[in-house]
Amino acid sequence: MRVTKAKVAEHRRSILSSASRLFRERGFKDVGVAEIMQASGLTHGAFYGHFRSKADLADEACREACAEGLERWLKSASLRDILDRYLTPAHRDNPANGCALSAFGAEVARQSPDLQKSYAEGLNDFVEAIERHMDAETPEARRRQAMAVLTSMIGALTMARGVVAGDPELSAEILESARRELRECFGI
């Protein structure tokens, strides 16, 4: 039975969506192709009609996850709105639908150069999205400010996720402290 081009594209989107969600939730190493295909509602054998390898899928899923997050950020009216949604318990507790930069952060160093390049491109896109909210006089200073804000946000979210089960109060304190200090330091 022939599958239409539209159906092939739909299957590919489903695989990417499932992979993106599962990789953010559990990491690249702990998610297998069979599980991704099952979550997509497709057979394991269909995978190789869409991707050369799990690494190829991980690269594309990283790009897709970054693009989805960036789209949400670009709809925000202010950097304060972004901070107030990003540095929250709700975002901390939902890595599967949250920030790819935080979810993939520690693992990216152990992935392929292609995936690292995609991650770097996504990171750069987020820096540029924050730059438009910064008020420094020069482009270089705006970029430095944006980089400091973004890396502080990612670091705080990553740390808050890392301690939430062992010390929920510390986790909440990390998020609140980062949110307050970023607002104060950068006039957000």
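Here is what the cut-offs are and how they apply
Residues numbered from 1 in each chain as written. Predicted model: local features only at pLDDT ≥ 70, side-chain atom pairs only at ≥ 80, totals over all residues. Heavy atoms only, no water. Helix = DSSP H or I, 4+ residues; strand = E, 2+ residues; numbered from the N terminus. Rg over C-alpha atoms; globule rule 2.2 N^0.38 Å. Buried < 20%, exposed > 50% of the residue type's maximum accessible area, 1.4 Å probe, protein only. Contact = heavy atoms within 4.5 Å. Lys, Arg positive; Asp, Glu negative; His and termini not counted. Charge placed at Lys NZ, Arg CZ, Asp CG, Glu CD. Core = buried A, V, L, I, M, F, W, Y, C linked by side-chain atoms within 4.5 Å. UniProt positions renumbered as here; feature names shortened; annotations may be inferred. Axes fitted to C-alpha atoms, helices over the stretch in contact; angles between N-to-C directions. Parallel < 35°, antiparallel > 145°, perpendicular 65-115°, else oblique. Nonpolar A, V, L, I, M, F, W, Y, C, P; charged D, E, K, R; others polar. Polar contact = N/O pair within 3.5 Å; in protein donor to acceptor, adjacent residues only side chain to side chain.

Assigned secondary structure in the chain consists of nine helices and zero strands. For the chain, the N- to C-terminal ordering of α and β elements is α-α-α-α-α-α-α-α-α. Here the C-alpha atoms of the chain give a radius of gyration of 18 Å, agreeing with the 16 Å that 2.2 N^0.38 yields for 188 residues. On the principal axes, the C-alpha backbone points of the chain span a range of 60 × 40 × 30 Å. Buried residues in the chain amount to 42% of all 188 residues. Across the chain, every contact between residues at least 6 apart in sequence was considered, and the portion connecting residues at least 24 apart equals 63%. Here the chain holds 27 positive side-chain charges and 28 negative ones, and the gap between their average locations is 6 Å.

Counting residues in each nonpolar core, the largest one holds 52 residues, and the members touching the most others are F23, L57, L87, F104, I130 and M153. Secondary structure elements with two or more residues in this core: α1 (5-26), α2 (33-40), α3 (54-74), α4 (79-86), α6 (100-108), α7 (113-131), α8 (139-163) and α9 (168-186). Ignoring any residue separated from it by four or fewer positions in sequence, one finds L57 in contact with I15, L16, A19, F23, I36, F47 and F51.

Moving on: the UniProt feature "domain: HTH tetR-type" (unreviewed entry) in the chain. UniProt records the feature "domain: HTH tetR-type" (unreviewed entry) for residues 9-69 in the present numbering. Taken as a whole, residues 9-69 contains 69% helix and 0% strand, while its terminal C-alpha atoms sit 22 Å from one another.

Here the focus is the packing of α1 against α3. Packing of α1 against α3 brings their axes to within 8 Å, and their N-to-C directions diverge by 85°. As judged from the angle between their axes, α1 and α3 are roughly perpendicular. Packed against α1, whose contacting residues are R12, I15, L16, S17, A19, S20, F23 and R24, the element α3 presents K54, L57, A58, E60, A61, E64, A65 and E68 at the interface. Split by residue class, the contact of α1 with α3 holds eight nonpolar, two polar and six charged.

Looking now at the UniProt feature "DNA-binding region" (unreviewed entry) in the chain. In the UniProt entry, the feature "DNA-binding region" (unreviewed entry) is given for residues 32-51. Spanning residues 32-51, this segment combines 40% helix with 0% strand, and its end C-alpha atoms are found 14 Å apart.

A word on the side chain of S76. Relative to the helices and strands, S76 is located in the loop between α3 and α4. According to the relative accessible area criterion, S76 is buried, its value standing at 7%. Within polar-contact distance, the side chain of S76 engages the side chain of R85 at 2.5 Å.

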